[in-house]
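# Breakdown of the fold
Now for the letters of each chain:
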Amino acid sequence: MRSIKIGLAMGAALLSSAPLWAHHAFTAEFDGNKPVKLRGTVTKMEWINPHAWIHIDVKDADGKVTNWMVECGSPNTLLRRGVTKNSVTAGMEIVVDGYQSKDGSNHANGRDVTFPDGKKLFLGSSGTGAPGDTPEK
Amino acid sequence: MRSPGFLGGRAPRKLQPSEHPTEGSDSMKLLCALVGILVASMCAGQGLVAKKAWTPPRTADGQPDLQGVWTNATITPLERPADLAGKAFFTPGEAAAYEKRVVENANVDRRRSDISADVGLAYNEAWWDRGTHVVKTLRTSLIVDPADGKLPALTADGERRAAGLAEQRRLHPADGPENRSLAERCILWGTAGPPMMPGPYNDNYQIFQAPGYVAIVVEMIHDVRIIPLDARPHLPSNVRQWLGDSRGHWEGNTLVVETTNFTGKTRFRGASENMRLTERFTRTDPDTILYEYTVKDPATWTKPWTAQVTMAKSNSRVYEYACHEGNYAMTGILTGARAGENNSAKAATK
């Protein structure tokens, strides 16, 4: 009985633990009413803080190409996971499932960025992901 | 208040949250007196766990050596969740189960049905680095005092200031950059300290020591805190700094840092500019610093409170976090707010 209680307590505790906020409020920048799904070709990636940006060319049904900027997280985290500048190169085809910016520009957040086959663009480390568990290469 | 007897490792804890071993119960004093100098040295201060205390190495000038890169990433929350009331420590088995469930639950690659929550989670899991373990002490909250693991009640003044700020944010969410948080403005990260708290990523600190000084490089957002050890007085009270004004001294192997002179905009968890912070750094084994801080701010909380975080030695390095360079988001937030106002104005004229 006691273990059941503790289990329930820990389940409820999940809701209030683990800090979950990015450098800034994405809800202030991107519009939940404007979901976008973009398939495009990488033109460049800006490895900058606080958040990295991936630029992609997206071609519509008429063949018109539009460049989009996709906001991601802090590159410091990726570097610790062994991802380098060579991991994302111009010409790569990716799929971005996110939300467009509130100001209507061609910005989106990279809520879920994958290759066309559905694999994640950035995989976590093989360890736990804690910095101490992923010695620098 | 001294740290309870944390000696590292993940063995089940014997201490209870209400215990303050340094104050020494009568029975403890008697025990120490009886078993001679060797054991007494273990009983003194923290010796409720029968394990030989580890002695940290020294720097060339004789300071206990805290140098290196450390991370305080952890999933242990600041306050004890209501459902764990009365339970100050996990057993190792409970901690493992808790860690597994928290990490699975927090994984942001799983999309959320609540649209606002889904937008707020921002980007894929690989970008996050919240840590995957509870603190090494197996505590269920970072707060150790009050014993219930909760922040003390706010004073009337603390409540009034919090309500005033909330109202300001409601009326002026994004008129200009000054309305946004210090973190969004790349000025100060809310958990980077002092006091230093675990955050969602980049929880990395590098400690340097030189004769008369300790310096702490904080990855988020780019600060270096320089702490003189020469007992000089604090800055005059009219000089206010984002990180406050720190002075350090050694008490045995523990670095004690007193910080005052915060700005009225720093507001650590709603604190006033007169917050007085006492931090204690104790290296308890080669790979661990027990970091404890006490917040005294009678203008904000009805009593002082104390939290503990274990910091683990990291094989990584501290990277530059040149926040202003790439802060396109501030532009996006402000132009988004203007677009919203224009849309509202158009809707009103129809």
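Fair warning: this is a prediction, and the values are worked out from it, not measured in the lab.

Definitions and cut-offs
- Residues numbered from 1 in each chain as written.
- Chains lettered and ligands numbered in written order.
- Predicted model: local features only at pLDDT ≥ 70, side-chain atom pairs only at ≥ 80, totals over all residues.
- Helix = DSSP H or I, 4+ residues; strand = E, 2+ residues; numbered from the N terminus.
- Buried ≥ 20, exposed ≤ 12 C-beta atoms within 10 Å, placed from the backbone.
- Contact = placed C-beta atoms within 7 Å.
- Expected span 1.5 Å × (residues − 1).
- Arc of directions from axis to C-beta.
- Pairing = 2+ DSSP bridges.
- pLDDT = per-residue confidence, 0-100.
- Nonpolar A, V, L, I, M, F, W, Y, C, P; charged D, E, K, R; others polar.

### Details of the overall build of chain B
When its secondary structure is counted, chain B shows six helices and 10 strands. Looking at chain B as a whole, 40% of its 350 residues qualify as buried.

### Details of the environment of B:Glu325
Mapped onto the fold, B:Glu325 is located in the loop between β10 (305–313) and α6 (328–349). With 13 C-beta atoms packed within 10 Å, B:Glu325 lands in the partly exposed category. Each C-alpha atom, one on B:Glu325 and one on B:Cys186, is 9.5 Å from the other, the two residues being 139 residues apart in sequence. Leave out the neighbours within four places in its chain, and B:Glu325 touches A:Ile48 and A:Asn49.

### Section: helix α3 (residues 92–106) of chain B
Residue and element names in this part refer to chain B. For α3, with 15 residues, the first-to-last C-alpha span of 21 Å sits near the 21 Å given by 1.5 Å per residue. Among all positions in α3, only Glu94, Ala95, Tyr98, Val102 and Ala106 are buried. One face of α3 carries all of its buried residues, which in axial projection span an arc of 95°. Those residues of α3 that are exposed and aimed more than 90 degrees away from the buried face are Gly93, Lys100 and Glu104.

### A few points about the pairing of strand β6 (residues 245–251) of chain B
Residues and elements named next belong to chain B. Sheet topology note: the β6/strand β7 (residues 254–260) ladder contains seven bridges and is antiparallel. Following the sheet pairing, Asp245 is matched in β7 by Thr260. Connecting β6 to the next strand, β7, in antiparallel fashion are two residues, including Gly252 with a positive phi near 65°.

### Observations regarding the confidence of the model for chain B
All names here are of chain B. Put simply, chain B has an average pLDDT of 87, and 85% of its residues get 70 or more. Overall, residues 1–50 carries pLDDT values under 50, and its contacts beyond four positions in sequence, including any with other chains, amount to 62 contacts. Interface confidence for the predicted complex, expressed as ipTM, amounts to 0.81; the pTM equals 0.83.

### As for the interface of chain B and chain A
Facing 63 residues of chain B, the contacting portion of chain A comprises 59 residues. Mapped by element, the contributors of at least two residues to the side of chain B that touches chain A are α3, α4 (115–120), β10 and α6 of chain B. Tallying contributions element by element places α6(B) first for the side of chain B that touches chain A, with eight residues. Grouping the amino acids of the side of chain B that touches chain A by side-chain chemistry returns 32 nonpolar, 19 polar and 12 charged.

### Things to note about unusual backbone geometry
Look at the link from A:Asn49 to A:Pro50: it is a cis peptide, with omega at 5°. Its location among the elements puts A:Pro50 in the loop between β1 (30–46) and β2 (53–59). Positive phi is not limited to glycine here, since B:Ala122 has a value of about 70°. By the element assignment, B:Ala122 lies in the loop between α4 and β2 (143–145). We classify B:Ala122 as buried; it has 29 C-beta atoms within 10 Å. Here the phi dihedral of B:Arg267 falls at roughly 50°; this positive angle occurs in a residue that is not glycine. As for its placement among the helices and strands, B:Arg267 is situated in the loop between β7 and β8 (276–285). Note on B:Arg267: 19 C-beta atoms within 10 Å, which makes it partly exposed.

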